[in-house]
Amino acid sequence: MEPTTEVVRARPAPMLASFIDYYLGYRMTGYEPGLHRGMPSRHMTFIVAIGPTIDVVAQTDPRQSPQNYRCVLSGLQASPASIAHHGSQEGVAITLTPLGCRTLFGMPAAALWDTSVECADVAGPVGYQLWEELQGLPTWPDRFAACDRVLTRLADPDRTVTPELAWAWRTVVGTGGTASIGPLADEIGWSRQYLTRRFGAEFGPSPKLAARVTRFERAYRMIQSTPSFVTLAQIAATCGYYDQAHLNRDFAELAGCSPTTWLSQEIPSVQDDPG
């Protein structure tokens, strides 16, 4: 069987759009079984499996045991997870920013930093309902509409991140990870130390680490989607790295491998959609 990949993207309902960037439906069949690296990202991991569960064989925190998930929810991370696949995968990825963790789940994203859970463990029966509804729906529009219904019911608009921290997060992400902490703190009127403490308590990583992950994510998405005649050195410069060696060091620390090794080993993945 020839490998096939289907990816469908849709925007969420308006009341969810401030903290969910998009839905990504994916169906992949005919690949050789193997392992996929779940890479650090500016989004939390929030994926609803359709059919077989999501089999995380190595968590981002090695102290957490391997686990199968029907609907996996993870905080931000600075290391890769290892996910087994058996040649076929199907599900819906919800690109949740940490700004929405309070609104949906009543907790700061920092509470899930470097941790994966079954969605129902934090959302209660509604988290199970999200998985259950998607199993019986045959079309992507129906599946996305079910996500809208369940998540809108789960959301509490009175639970939000403070304006100063929301602005700081959006600035770090909006600059592609090139924002400096000093100007961020000055703009808000806080000290660097106070910003770092509040930012970490809300989102998990420090502003500096969040910027590093954002820059790294931009780089690996470019590596995956850019024509081969564009060099790694050019990508490194575009993404704000000092040089290619700097990019290679980030890959070694954040992905656990070199850029070329990652690219050669990966099958098309929902996490790697370049948007």
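You'll find the structure just up there.
Below, the structure is looked at part by part. Remember, it's a predicted structure, so these values are computed and weren't measured experimentally.

## Section: the sheet that holds strand β5 (residues 54-58)
Then step 1. The four strands lie next to each other as β3-β8-β5-β6, forming an open sheet whose pairing is antiparallel. The sheet is open, and its two borders are formed by β3 (34-38) and β6 (67-69), each paired with just one other strand. With direction set aside, neighbouring strand axes in the sheet form an average angle of 35°.
Then step 2. The pairing of β5 with β6 spans three bridges and is antiparallel. Bridge pairing links D55 to N68 in β6.

## Regarding helix α10 (residues 244-254)
Then step 1. Buried within α10 are the following residues: H246, L247, D250, F251 and L254. With its buried residues spanning 140° around the axis, α10 presents them on a single face.
Then step 2. The elements touched by buried residues of α10 are α8 (207-225), α9 (232-238) and α11 (259-265).

## Observations concerning the nonpolar core
Then step 1. Within the largest apolar cluster, 53 residues are counted, with the highest numbers of intra-cluster contacts made by F46, I94, F105, L130 and L151.
Then step 2. The element best represented in this core is helix α4 (residues 140-154), accounting for seven residues.
Then step 3. Not counting chain neighbours up to four residues away, the residues in contact with I94 comprise I20, Y22, Y23, M44, F46, V48, L130, C147 and L151.
Then step 4. In this structure, M39, Y220, L247 and F251 belong to the second largest nonpolar core, which totals 16 residues.

Thresholds, definitions, all that
- Residues numbered from 1 in each chain as written.
- Predicted model: local features only at pLDDT ≥ 70, side-chain atom pairs only at ≥ 80, totals over all residues.
- Heavy atoms only, no water.
- Pairing = 2+ DSSP bridges.
- Helix = DSSP H or I, 4+ residues; strand = E, 2+ residues; numbered from the N terminus.
- Axes fitted to C-alpha atoms, helices over the stretch in contact; angles between N-to-C directions.
- Buried < 20%, exposed > 50% of the residue type's maximum accessible area, 1.4 Å probe, protein only.
- Arc of directions from axis to C-beta.
- Contact = heavy atoms within 4.5 Å.
- Core = buried A, V, L, I, M, F, W, Y, C linked by side-chain atoms within 4.5 Å.

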